[in-house]
Amino acid sequence: MSEKLIVEKIVKGEFTWRSLPPAAMISVPTSMMYKTGSWRISKPVIDRDKCTKCLLCWVFCPDMSIKRLPDNSVEVDYEYCKGCGICAEECPVKAITIVEE
Amino acid sequence: MSLVKQIRMVALTGNEAIAYAVKQANVDVIAAYPITPQTIIVERLSKYVADGELEAAFIQAESEHSALSICIGAALTGARTFTSTASQGLALMHEVLHIASSMRAPIVMAVANRALNSPLNIHCDHSDIMNARDTGWIHLFANNVQQAYDLTLIAFRLSEDLDVLLPTSINLDGFILTHSVEPVEVLPDEDVRNFLGENRYPYEIDFNKPLAYGVMALPDTYMEFRKQLYEVLKSAPRIYDEIAEEYAKISGRRYGKLLPYFTEDAEVIVIALGSSVETLKYVAKRLRREGLKAGVLGITMYRPFPEEELVEILSKAKVVVVMDRAYSYGGVGGPLYTDVLSTLYKNDLKITIADFIYGLGGRDFKISDAEEIFKKAFRALEKGSFDQDIYWWGVKE
């Protein structure tokens, strides 16, 4: 069974201790299964006019929830963003504000 | 041409014997932090590395917690990995012990068993390893220096077996074995090489084939990963038997999970871990000459606990004495006692039994102590019971 298939089965709850890889050593990003966006109580909002495309928010985001677009502009992936606020803290031009959900 | 294989005997302390075995195992990484009474193990290894006799990375960490963490990282690259500690050092490693076993890192660690503080004491007892008993490691105990050497080699083979992939501890009594010189029969380097083979760790860190290690598992999967650990520990004894048998063929020395001595027809069996087994055997042999049916049961593999074999041996006994060189404070007895007790209960064996807490903090266990304990056991055989269930042997009342 391919590991991709294993992940699909994990998502569906179709697994046993035997079918899981030993010690959870796995080559596919199972963390995609966990949509941590629901943990959020406040969210980052990006002001595109102020953004200088420095990508510091993309570097600092601990959850890979800042999406880098081809022109180096950025978007927030709200499915996974936990609203920690690190991006707003690091933004040198105050282009990111944290607003209550 | 002589058909008799040349035997090489050398005089070594327990620590030197382990260091020599580790050198012969040709380890790749040694990470450790010095602590009495194991210091000489890593001291010798650092010398082997410095003198060019062993090609390995020798890393002195800033603590035992770091030392074992380094070992995990090294083991996951496929390196043959060794560390060594005792007492407070093992206690400081504690959280990493769990991580090493559940990440299935095949590490071999020598533990020079020593008491825990406080009061400060550097001498032998088993409190340190009993604290680490439930961490998912395989725990082996040596009764003498020869066994310390042999079990170290067996441990590498066992830990690295593809159906095991677990860390193993080799326990040897602090000072009593670590610092005593005994004649040791060592194997030729080539035999060790052939016996151990290459480390074929299958999940090695490889940037071209990335894997996630030590991930988070939420309530939906966590329990399945713990069941894996439970199952692999259940199958480890069978694999140990195969490896020990192979070792017996090349060395002439056979190590069962249990080492029974005159237990066949014994009415009284004394069970112990570590060097005291030798003292008890010496006394049992003398008692046999007097016509008393005395037996001794040494435990080589303490975890996974050899339940089946224990039942087989104890089922014929009338009185059992358990020697505990540690105590489970606030519990129902010493750790070995509670293991034996629950094994007997599970198997419907009602045998007169008592726990003897002895030798804490290095208090000597003498021939006269073993004689006295056997005497008490034979009195219990006559009376049908001991006068108490837990004895603090030799404590000044």
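Considerations on the packing of helix H3 (residues 64-75) of chain B against helix H5 (residues 94-102) of chain B
Residues and elements named next belong to chain B.
Here is step 1: Between H3 and H5, the shortest axis-to-axis distance is 9 Å and the interhelical angle comes to 10°. Relative to H5, H3 is oriented roughly parallel. Residues His65, Leu68, Ser69 and Ile72 of H3 pack against Glu95, Val96, Leu97, Ile99 and Ala100 of H5.
Here is step 2: Classifying every residue of the contact of H3 with H5 gives six nonpolar, two polar and one charged.

Digging into the pairing of strand S10 (residues 268-272) of chain B
Residue and element names in this part refer to chain B.
Here is step 1: Of all five residues in S10, five are buried, a share of seventy percent or more.
Here is step 2: Because side chains alternate across S10, one face comprises the buried residues Val268, Val270 and Ala272, and the other comprises Ile269 and Ile271, equally buried.
Here is step 3: Sheet topology places S10 next to strand S11 (residues 294-299); five bridges connect them, and they run parallel. Residue Val270 lies in a different strand from S11, and its bridge partner there is Val296.
Here is step 4: For the crossover that starts at S10, traverses helix H10 (residues 276-289) and ends in the parallel S11, the hand is right-handed.
Here is step 5: Bridge count for S10 against strand S13 (residues 319-324) is four bridges, and the pairing is parallel. If you follow Val270 over to S13, its bridge partner there is Val321.

Description of helix H8 (residues 189-196) of chain B
Think of an α-helix as 3.6 residues a turn; residues three or four steps apart then line up on the same face.
Residues and elements named next belong to chain B.
Here is step 1: Among all positions in H8, only Asp191, Val192, Phe195 and Leu196 are buried. Along the axis of H8, the buried residues cluster in a sector spanning 120°; they form a single face. Turned more than 90 degrees away from the buried face of H8 sit Arg193 and Asn194, all of them exposed.
Here is step 2: Next to the buried residues of H8 lie helix H1 (14-24), helix H7 (145-160) and helix H9 (222-251).
Here is step 3: Downstream of H8 by a residue or two, Gly197 has a phi angle that is positive, lying close to 65°.

A short note on the domain arrangement of chain B
All names here are of chain B.
Here is step 1: Assigned domains within chain B: domain 1 (3-251) and domain 2 (258-392).
Here is step 2: Taken over C-alpha atoms, the centre of domain 1 sits 27 Å from the centre of domain 2.
Here is step 3: In this complex, domain 1 contributes 28 residues to the contact, which on the side of domain 2 involves 22 residues.
Here is step 4: Counting the surface lost from both domain 1 and domain 2, the interface buries some 2,000 Å², and carbon and sulfur atoms represent 60% of this.
Here is step 5: Considering only the surface of domain 1 that becomes buried against domain 2, Arg133, Phe141 and Asn143 emerge as the three largest contributors, covering 30% of it.
Here is step 6: Summed over the shared surface of domain 1 and domain 2, the number is zero salt bridges.

Comments concerning the interface of chain A and chain B
Here is step 1: Listed as interface residues are 14 residues of chain A and, on the opposing side, 18 residues of chain B.
Here is step 2: Taken together, the connections running from chain A to chain B amount to zero salt bridges.
Here is step 3: One can count five residue pairs in polar contact (both at pLDDT 80 or more) joining chain A with chain B.
Here is step 4: Tallied by class, the residues present in the side of chain A that touches chain B amount to 12 nonpolar, two polar and no charged.

Some details on the packing of H7(B) against H9(B)
Residue and element names in this part refer to chain B.
Here is step 1: Where H7 meets H9, the axes come as close as 10 Å, and the angle between the chain directions of the two elements is 125°. Judged by the angle between their axes, H7 and H9 are oblique. As H7 packs across H9, the resulting crossing turns out to be right-handed. Between H7 and H9, the contacting residues are Tyr149, Asp150, Leu151, Leu153, Ile154, Arg157 and Leu158 on the first element and Ala236, Ile239, Tyr240, Ile243, Glu246 and Tyr247 on the second.
Here is step 2: In terms of residue class, the contact of H7 with H9 is built from 10 nonpolar, no polar and three charged.

Definitions and limits used
- Residues numbered from 1 in each chain as written.
- Chains lettered and ligands numbered in written order.
- Predicted model: local features only at pLDDT ≥ 70, side-chain atom pairs only at ≥ 80, totals over all residues.
- Heavy atoms only, no water.
- Axes fitted to C-alpha atoms, helices over the stretch in contact; angles between N-to-C directions.
- Helix = DSSP H or I, 4+ residues; strand = E, 2+ residues; numbered from the N terminus.
- Parallel < 35°, antiparallel > 145°, perpendicular 65-115°, else oblique.
- Contact = heavy atoms within 4.5 Å.
- Nonpolar A, V, L, I, M, F, W, Y, C, P; charged D, E, K, R; others polar.
- Buried < 20%, exposed > 50% of the residue type's maximum accessible area, 1.4 Å probe, protein only.
- Pairing = 2+ DSSP bridges.
- Right-handed = clockwise from strand over helix to strand, strands pointing away.
- Arc of directions from axis to C-beta.
- Domains from an automatic or database assignment.
- Buried area = accessible area lost by both parts, 1.4 Å probe.
- Salt bridge = Lys/Arg side-chain N within 4 Å of Asp/Glu carboxyl O.
- Polar contact = N/O pair within 3.5 Å; in protein donor to acceptor, adjacent residues only side chain to side chain.
- Left-handed = near helix turned anticlockwise from the far one by under 90°.

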